[in-house]
Amino acid sequence: MKRNLSKGLKVVFLAVYLIVMAFPLYWIVITSLKPQKDIFSFPLKYWPDRLTFQNYINIIKISKFHIYIANSLLISLSAAVIVVCISVLSAYVLARFKFRAHRHVMLGFFLTQMLPGFVALAPLYLLMTRLDLINTRASLVLMYTVGLIPFSTILLKGFFERIPSSLEEAAMIDGCSRMSALVRVIMPVMLNGIAATFIFAFVQNWNELFVAVLFIDDESLKTLPVAMNSFVMKFDVDWGAMSAGTVLSVLPTIALFAVAQRFIVDGLTQGAVKG
Amino acid sequence: MKEGQPSVVRRMQSGFRSSPRGFIFLSLLPALVLVLVFTYYPFLRGIVMAFQNYQLFDLTNVHFIGLDNFKTMFHDTKFQHAATNSVYWVFISLILQFSIGLTVALLMNKRFRGRGIFQGFVFYPWALSGFLIGLIWKWMFNSQIGVINDLLLHLGLIHERIGFLSDPSWAMTSVIVANVWYGIAFFAIMLLAALQSVPSELYEAGSMDGANGARKLFNITLPYIMPTVITTTLLRAIWIFNDPSIIYGLTNGGPAGSTHILSSLMLDKIMYGGDYGAASAIGIVMIGILLLYTIFYLTVTRSEKLGDF
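Bear in mind the structure is a predicted one, so any value in this text is a computation, not a measurement. (Residues numbered from 1 in each chain as written. Chains lettered and ligands numbered in written order. Predicted model: local features only at pLDDT ≥ 70, side-chain atom pairs only at ≥ 80, totals over all residues. Heavy atoms only, no water.)

1. Regarding the UniProt feature "domain: ABC transmembrane type-1" (unreviewed entry) in chain B
Link 1 in the chain: The residues that UniProt annotates with the feature "domain: ABC transmembrane type-1" (unreviewed entry) are residues 83-297 of chain B.
Link 2 in the chain: Along residues 83-297 of chain B one finds 76% helix and 0% strand; the C-alpha atoms at either end are 19 Å apart. (UniProt positions renumbered as here; feature names shortened; annotations may be inferred. Helix = DSSP H or I, 4+ residues; strand = E, 2+ residues; numbered from the N terminus.)

2. A word on the UniProt feature "transmembrane region" (unreviewed entry) in chain A
Residues and elements named next belong to chain A.
Link 1 in the chain: Under the UniProt annotation, the feature "transmembrane region" (unreviewed entry) is placed at residues 12-30, 73-95, 107-128, 140-160, 181-203 and 239-260.
Link 2 in the chain: Across residues 12-30, helical content stands at 100% and strand content at 0%; the span's end C-alpha atoms are separated by 26 Å.
Link 3 in the chain: Taken as a whole, residues 140-160 contains 100% helix and 0% strand, while its terminal C-alpha atoms sit 29 Å from one another.

3. Overview of the nonpolar core
Within soluble globular proteins, side chains that are nonpolar generally end up buried alongside one another.
Link 1 in the chain: Formed by 183 residues in total, the largest nonpolar core has its most connected members in Phe160 and Phe215 of chain A together with Trp89 and Trp137 of chain B.
Link 2 in the chain: For this core, the leading source of residues is helix H8 (residues 168-196) of chain B, giving 18 residues.
Link 3 in the chain: Counting the residues that make up this core, at least three belong to each of domain 1 (1-52) and domain 2 (63-271) of chain A.
Link 4 in the chain: Contacts of Phe160 of chain A, omitting those with residues within four sequence positions, involve Val88, Ala91, Tyr92, Ala95, Arg96, Leu182, Ile186 and Met190 of chain A. (Core = buried A, V, L, I, M, F, W, Y, C linked by side-chain atoms within 4.5 Å. Buried < 20%, exposed > 50% of the residue type's maximum accessible area, 1.4 Å probe, protein only. Domains from an automatic or database assignment. Contact = heavy atoms within 4.5 Å.)

4. A short note on the packing of aromatic side chains
Link 1 in the chain: Going through the model one piece at a time under the given rule, you end up with 34 aromatic pairs over all chains.
Link 2 in the chain: Between Trp137 of chain B and Phe141 of chain B, the aromatic rings sit 5.5 Å apart at their centres with planes inclined by 45 degrees, giving tilted as the arrangement. In this pair, Trp137 of chain B and Phe141 of chain B both sit in helix H6 (residues 130-141), four residues apart, roughly one turn of the helix.
Link 3 in the chain: The buried category is assigned to Phe141 of chain B, whose relative accessible area is 4%.
Link 4 in the chain: For the pair Phe186 of chain B and Trp239 of chain B, a centre-to-centre distance of 5.7 Å together with 80 degrees between the ring planes defines the contact as edge-to-face. In this pair, Phe186 of chain B is assigned in helix H8 and Trp239 of chain B in helix H10 (residues 213-242), connecting sequence segments 53 residues apart.
Link 5 in the chain: Ring pairs connect the aromatic residues Phe151 and Phe200 of chain A together with Phe98, Trp126, Phe186, Phe187 and Trp239 of chain B, which therefore count as one cluster.
Link 6 in the chain: Lying across the ring of Phe23 of chain B, Arg178 of chain A places its NZ or CZ 5.9 Å from the centre. (Phe/Tyr/Trp six-rings, centres within 6.5 Å; stacked < 30°, edge-to-face > 60°. Lys NZ or Arg CZ within 6 Å of the ring centre and 35° of its normal.)

5. A word on the pattern of salt bridges
Link 1 in the chain: The final tally for this structure, using the stated rule, is eight salt bridges over all chains.
Link 2 in the chain: Of the charged contacts in the structure, one is a salt bridge between Lys45 of chain A and Asp38 of chain A, with a shortest N-O distance of 3.7 Å.
Link 3 in the chain: We classify Lys45 of chain A as partly exposed; its relative accessible area is 23%.
Link 4 in the chain: Taking the shortest distance from any N to any O, the salt bridge between Asp76 of chain B and Lys269 of chain B comes out at 3.9 Å. Residue Asp76 of chain B is found in the loop between helix H3 (68-75) and helix H4 (77-108), and its partner Lys269 of chain B is found in helix H12 (residues 262-273); the two are separated by 193 residues along the sequence.
Link 5 in the chain: Accessibility expressed as a relative area gives 24% for Lys269 of chain B, which makes it partly exposed.
Link 6 in the chain: Taken together, the shared-partner salt bridges in this structure form one network comprising Lys37, Asp38, Lys45 and Asp49 of chain A. (Salt bridge = Lys/Arg side-chain N within 4 Å of Asp/Glu carboxyl O.)

Following this line, the structure appears as structure tokens:
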């Protein structure tokens, strides 16, 4: 009796929770598919009489969303690839060797996670101006790479620590250099961890707004979040267009998450926060 | 090491033990150079700006003004309000995100049908940006055609529409609701992983001693996952404190500045005023608060482990 009651409570909790989590996504998708008159009609339509892609056609025609998607893809992917390459090296060294500056390097990486980022934003703008990188995609690739190196290193270090060092020692006895042992023997074993780090980096880059708003002015170089941001300023009342833009911005990362959920859950948890 | 091994192997193995300095140096170099040049240098430069008159639209007139930025800031009612809001924002968001996240993680720790799909829905907000979540909730909170008003009316919980975002007495609660919704996923993921690492022998031993469900939770499960709890709540509090993106997307600090927290006020000074001096002064106060919080937290929880890399 008591057991059934508590089991019933659990089911109710999980069901309510599921609805609360899923509903905002449902609502933005359904709004984006409604004809203009249905969006502002009373009573609210929880399921429209007719579905239309007009909102999507409109925003792609008016505001060239395909260009922003291409920019976002290019920038997010390049920065994620570079981050993984650099962080694999630093994480490997920090996981395997104790050296004099070890503690300081780790502390230095940890501290970056605590700093309020905007303090550095203005000086970064000046630095980028001096390097002649303002209004280039390269500036964002550089910023996103730098921003993610500390966290990715900490994450990957956790993965390396789970792999016994006897593995590369054996490879080195067989004549591999340390570098080729790392690339050919260790990295294949921790592919899950590398995938998790890569996806995490990609999603962060894809979503970044403030640096991109400050550094990019040129219409043809804008990323999706920047485009959505100026979209909000211009078309604050056109919720059909706004929700279509939101759906286009979030679907790629949600799809990625759905496909790679296993890596991410396994990766972020066991890598980042060890018990 | 066994005796009589070939000397080449012995020499190579001692080679692994003594750190190869060149390899360490070269491997760390790119990460260190990038982080020093593009994080620490601009950050220190930003701290200097707090003591300067530094306006984006008046760059020919940059000069040191001592503590003037801080004096102006402390007399600004917007700042005082944002400081209070920040505490409220972090505290309430953190408690709700954590307790709901823990409940979800505990329930998901047992197998049930459809757990995989459920997990997907628990985690997906993590794939979204705070800014877009702000936008989605702005649409749902709309006082005229917002779905939340509509649902509450249907359920009979309210009798007239509420201006969730336009009424200053509701606005802060509304942004916190969106923030809690967003942040549960983080705790659910982290705590679920910690729960799955609890050795099952502990529970078996507990059952033999006659411990019931609640006893097991408080005497076995929670103590075991405590390090994860401490780390995640500490990190999360810092992120909630530092990240203005939900507020930016939802209310942009309005109405009349009632939903500004320190980080969004700082963003406001940069984006709309171009006043980098004033923004940096707020940044320094934020760093001070974070330092005090971290020290206090680590002392109270007696967690020396965090500093032990």
